[in-house]
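Residues per chain, in single letters:
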Amino acid sequence: MTQTTATIIKPAEYISPTRRMVMGIIFLALSVGIWVLFSRNVTADMQTTFSLYPGGSKVIVPDWIFPSLPMLNILALVGSALGAYQLARGFGRQTNAILGVVSGIFIFAFLVWGASGGSLNLAGLLKVAVVRAVPLTLGALAGILCERSGVFNIAIEGMMLTAAFCAALFGSLVNIWFGLFTAILAGALMALVLAVLSIKYKVNQIISGTVINIFATGITSFLSAKFLQKYEALNNSGRFGTWDVPGLSQIPFIGPILFSHNIFIYAMFIFVILMTVALFYTRWGLRTRSVGEHPKAADTLGINVNRTRYISVLLGGMMAGFAGAYFVLGSVGRFDEVMTAGRGFVGLAAMIFGNYNPVGSLGAGMLFGFADSLASKLAILKVPIPNKFLEMGPYIITMIVLAGVVGRGQPPAAGGKPYEKE
Amino acid sequence: MEPVLELKGITKRFPGVLANDHISLSLMHGEIHALLGENGAGKTTLMNILYGLYKPDEGEIFVNGKKLVVDTPNDAIKAGVGMVHQHFMLIPVFTVTENVMLGNEYLKAGGFLDRKKVAARIREISQQYNLQVDPDAYVKDLPVGIQQRVEIIKLLFRNANILILDEPTAVLTPQEVDELFNIMKTLVAKGKSIILITHKLREVMEFADQTTVIRGGRVIGTAKQSETNQLMLASMMVGRQILLNIEKKDADPKEVVLDVKNLKVLDTHHQIAVQNVSFEVRAGEVLGVAGVQGNGQTELVRAMTGLDHPIEGKIKLMGKDITHSSVKEITELGTAHIPEDRQKDGLVLAYSIEDNLILNTWYKEPFAHNIVLQRKVILDNANQLISKFDVRTPSPLTATSNLSGGNQQKVIVAREFSRPIKLLVASQPTRGLDVGSIEYIHSRIIEKRDDGCAVLLVSTELDEIMQLSDRIAVMYRGQILAIVDAKTTTRESIGLLMAGVAPEDH
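Please read these numbers as outputs of a predicted model, since none were measured by experiment.

Rules behind the numbers
- Residues numbered from 1 in each chain as written.
- Chains lettered and ligands numbered in written order.
- Predicted model: local features only at pLDDT ≥ 70, side-chain atom pairs only at ≥ 80, totals over all residues.
- Heavy atoms only, no water.
- Salt bridge = Lys/Arg side-chain N within 4 Å of Asp/Glu carboxyl O.
- Pairing = 2+ DSSP bridges.
- Helix = DSSP H or I, 4+ residues; strand = E, 2+ residues; numbered from the N terminus.
- Axes fitted to C-alpha atoms, helices over the stretch in contact; angles between N-to-C directions.
- pLDDT = per-residue confidence, 0-100.
- Contact = heavy atoms within 4.5 Å.
- Buried area = accessible area lost by both parts, 1.4 Å probe.
- Polar contact = N/O pair within 3.5 Å; in protein donor to acceptor, adjacent residues only side chain to side chain.
- Nonpolar A, V, L, I, M, F, W, Y, C, P; charged D, E, K, R; others polar.
- Patch = residues over 30% accessible without salt bridge, like charges linked within 9 Å, V, L, I, M, F, W, Y side chains within 5 Å.
- Areas by Shrake-Rupley, 256 points an atom, 1.4 Å probe, with all protein chains shown as cover.
- Core = buried A, V, L, I, M, F, W, Y, C linked by side-chain atoms within 4.5 Å.
- Buried < 20%, exposed > 50% of the residue type's maximum accessible area, 1.4 Å probe, protein only.

Colleague: Can you explain the pattern of salt bridges? Please cite residues and give values.
Modeller: Under the definition given, this model contains 33 salt bridges over all chains. A salt bridge links Asp259 of chain B to Lys261 of chain B, with the nearest nitrogen and oxygen atoms 3.3 Å apart. Several salt bridges share partner residues, and in doing so they unite Arg132, Arg343 and Asp372 of chain A into one network.

Colleague: How would you sum up the pairing of strand β4 (residues 58-63) of chain B? Please name residues and give values.
Modeller: Residues and elements named next belong to chain B. Relative to β4, strand β1 (residues 5-14) is paired through five bridges, and the arrangement is antiparallel. By the bridge assignment, Lys8 is partnered in β4 with Glu60. Pairing geometry for β4 and strand β5 (residues 66-68), over three bridges, is antiparallel. Paired with Val63 across the two strands is Lys66, which belongs to β5.

Colleague: Give a description of the sheet that holds strand β1 (residues 47-51) of chain A that names residues and reports values.
Modeller: Residues and elements named next belong to chain A. Strand order in this open sheet of three strands is β2-β1-β3, and the pairing throughout is mixed. Each edge of the sheet is formed by a strand with only one pairing partner; in this case those strands are β2 (64-67) and β3 (118-121). Between one strand axis and the next, the sheet turns through 20° on average, direction left out of account. Bridge count for β1 against β3 is four bridges, and the pairing is parallel. The residue bridging Phe50 from the neighbouring strand is Leu120, located in β3.

Colleague: Pulling in residues and values, what's your account of the confidence of the model for chain B?
Modeller: The predicted model of chain B averages 89 in pLDDT, with 98% of residues at 70 or higher. The ipTM value of the predicted complex is 0.87, and its pTM value is 0.81.

Colleague: Just give me the short version of the interface of chain B and chain A, but keep the residues and values in it.
Modeller: Counting residues at the interface gives 49 residues for chain B, matched by 33 residues for chain A. Buried area between chain B and chain A, both sides added, is near 3500 Å², and the carbon and sulfur share of it is 61%. When residues of chain B are sorted by the area they lose upon contact with chain A, Met89, Leu102 and Arg477 of chain B head the list and together hold 15% of the total. Viewed at the interface, chain A and chain B are joined by one salt bridge. Across the salt bridge formed by Glu105 of chain B and Arg287 of chain A, the nearest N and O atoms sit 2.8 Å from each other. Viewed at the interface, chain A and chain B are joined by six residue pairs in polar contact (both at pLDDT 80 or more). At the level of secondary structure, the elements contributing two or more residues to the side of chain B that touches chain A comprise α2 (73-78), α3 (96-101), α5 (144-157), α6 (174-189), β12 (272-282) and β22 (479-485) of chain B. The residue inventory of the side of chain B that touches chain A, partitioned by class, reads 25 nonpolar, 13 polar and eleven charged.

Colleague: Please set out a nonpolar patch on the surface residue by residue, giving values where relevant.
Modeller: Residues and elements named next belong to chain A. Among the surface-exposed residues, Leu173, Val174, Phe178, Phe181, Leu185, Leu189 and Leu192 lie close enough to one another that they form a single nonpolar patch of about 640 Å² accessible area. The biggest single contributor to the nonpolar patch is helix α6 (residues 176-200), with five residues. Topologically, Phe181 is positioned in helix α6.

Colleague: Go over the environment of Thr182 of chain A with me, naming the residues and quoting the values.
Modeller: Residues and elements named next belong to chain A. Mapped onto the elements of the fold, Thr182 is located in helix α6. Residues Thr182 and Pro17, 165 residues apart in the sequence, show an inter-C-alpha distance of 55 Å. Beyond its immediate sequence surroundings of up to four residues, Thr182 is in contact with Cys166, Ala167 and Phe170.

Colleague: For the nonpolar core, give the residues involved together with the corresponding values.
Modeller: Counting residues in hydrophobic clusters, the biggest one holds 69 residues, and the most contacted among them are Leu138, Phe264, Val313, Leu329 and Phe335 of chain A. Breaking this core down by element, the ones donating at least two residues are α4 (122-148), α5 (156-173), α6, α7 (205-228), α9 (263-281), α12 (305-332), α13 (343-353) and α14 (358-377) of chain A. If near-sequence neighbours (up to four positions away) are discounted, Phe335 of chain A is found in contact with Leu161, Ala164, Phe165, Ala168, Thr220, Ser224, Leu228, Gln229, Asn235 and Val328 of chain A. Core analysis: the second largest hydrophobic core is formed by 48 residues, Ile91, Ile122, Phe157 and Ala160 of chain B among them.

What follows is the structure, given as structure tokens:
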């Protein structure tokens, strides 16, 4: 073949000039935004104070104090320079990375402006962001386990909610560890229902997932109203305490943000690493991914497609159960009706944003967690934006990503399709 | 000599169909045994039984004289039987190494995948059988010819001794076909035995040692290569005398109907699929577009029919600019379209035949009066076309999903040809059809040409292009490398063009 195809005419990759221009204009608009919205509303004598000390840590770090206006102007200049270059030449393949940088500059400028003439606890903001990322990232990991094997799991929300209920009930009745165990078990049981419906009976996976979500909301609300809210002894599980990682938690600034938490936060990081290794470097991972991409090919190589899917969905359910336990055992120590509040769905958004990759999902989870954390801090800053608007941020970002502005993700090819041997 | 593989009395029934009726076959050591039959004759069913994907209702399989029970593909793999499926069983987003080891992974200490060791084994196999391939390449980046090598390496990696190749040449250029057969000769010389499933007579005559013909699920006969010829095999395959070449008069081209200039079209992934394409088609001639699948033909046809719009260039139909016209406008100007995928783009499968027959005229008199469909007229129209175009169906109200591929295609042809048309765009008009239907559709296309219609025929079957076209345009990677006169060209020079060798190179 190599001899005969002497004249290969390679078609060039088509980079749309429109896209280049639009990106350049977005960069410039964000930079102009910094100037119009922030710089002009700051007087020359104002100072911004960022506290780098989240509280509770032994290492004291001095505050970071700087004049607001020059900082904002520098940020706006850097942003416009990037925008100008994008319009003139274009960053090519790096465009998305630069978009990230410019967005980062914009958010930082927003904080500088918000804290001008006052003070903002930056370390505290980031620490809360990490905590808020936990249910989202764990939910995304649960989604990845299912989707990589080719089963859509939109029932993560319901699995989490049921698990949270069990964690509160059995955590109160027996102890906190037993509560955690039953939460994981509850997730697995819900996943078994999903698996049997969608793998064995080939029910449309969106419908089976929705049914599970509705069921979970109904049963937990009913039982909660009937028992948990009436008898305080049934709804008082307590929670896991904070454990400082020896040594690491002493690092200034980063230490308290990352290494002074309860077990759920550490588990999130460990699961991300474990799942990356398992999916991409083990036999189990190779087979699971093959089943999600091209089940028939896997079948012809002697891989049992349905068994592989059952295992993945059950593992995903256990992960969702663990995520559900966080709401009770890692956060408030009691169960409230519909307390997951859509976090399971945001987890799925994080999974898609993270391109079905554990590490990517962690990044997405952190980003969403940051927005969440920022929204709650806004009340303290005297920013004239209703914080509900800021809370919409992550979802707007997700929609933009899903619409393909930043680029297309690569979902498993056989996702959502039951396997049939012709 | 004892056969390495013997099938005895294999029978398989599907609801309402006897797919395999007591089929027996024996494969000798070191031979290429062709299994010849039309689509739907039962070849693939038989091989899926051998490979453990289906269970036979009756019959036995012997490998090296020992009885073999295959419940799953694993049993077949263990017995040394391997299969290259017609649609490759490769995972595009995996590397060659990952595809080859899947299901048979080498592990390092700690249970991690040993990609290096597998890659080394692939290189070893490449050397031994002359199958060059890069183990670290992603399958999605490889041309089909190389993907097929990966499939063969997969079998050799599992130490298969009996290789089944299901229609292996369907997606290859003529040169790749020659290379494949060289590979097959090497394999056989090194002690492997091969079953070649095909419906192409020429391949059988050139490469098989022995041929078994099946028709309607039954073995019609087995012949050594030296004792047979193409015509004999063809009539065994079809069950009657057939014309291998259709007769046609010389073309009498008249005015330009379709005029395409400097076309550039993007595919669904926003990559350039067609560029710098210019050609014209005149009334009364067939312009054939040859090329291996995936070289921009699909996108070209979509641009001609208004399903997609080019980003550059002009398309004129009888002098009128239709570059950005809608499908409906183009259809009403007199364009007929036989789409590449008849089930997806040609028919609404759940609809009845009568409704499918008015898919592009339903809003017009006499089929509609104001907003009401005229059911009686529609039914009469259907009955008329069904008999005129010989559609085999119990009733005009039958859903098209219940028809065979050939009859589905006849419904499309009936719909498109029953209007006054100036241009026919036919894409893969006979893909997957039996010889009888192919004959029928070919003669209808030539009839239209003789009526003064301009025909743009896109096909990956070189035989079809050679038979029907008056001029042939060869597409390679989105460009037309040359437009040649069908009468003076040869299969070989078209084949070279299909592989991307421009005319000045040879």
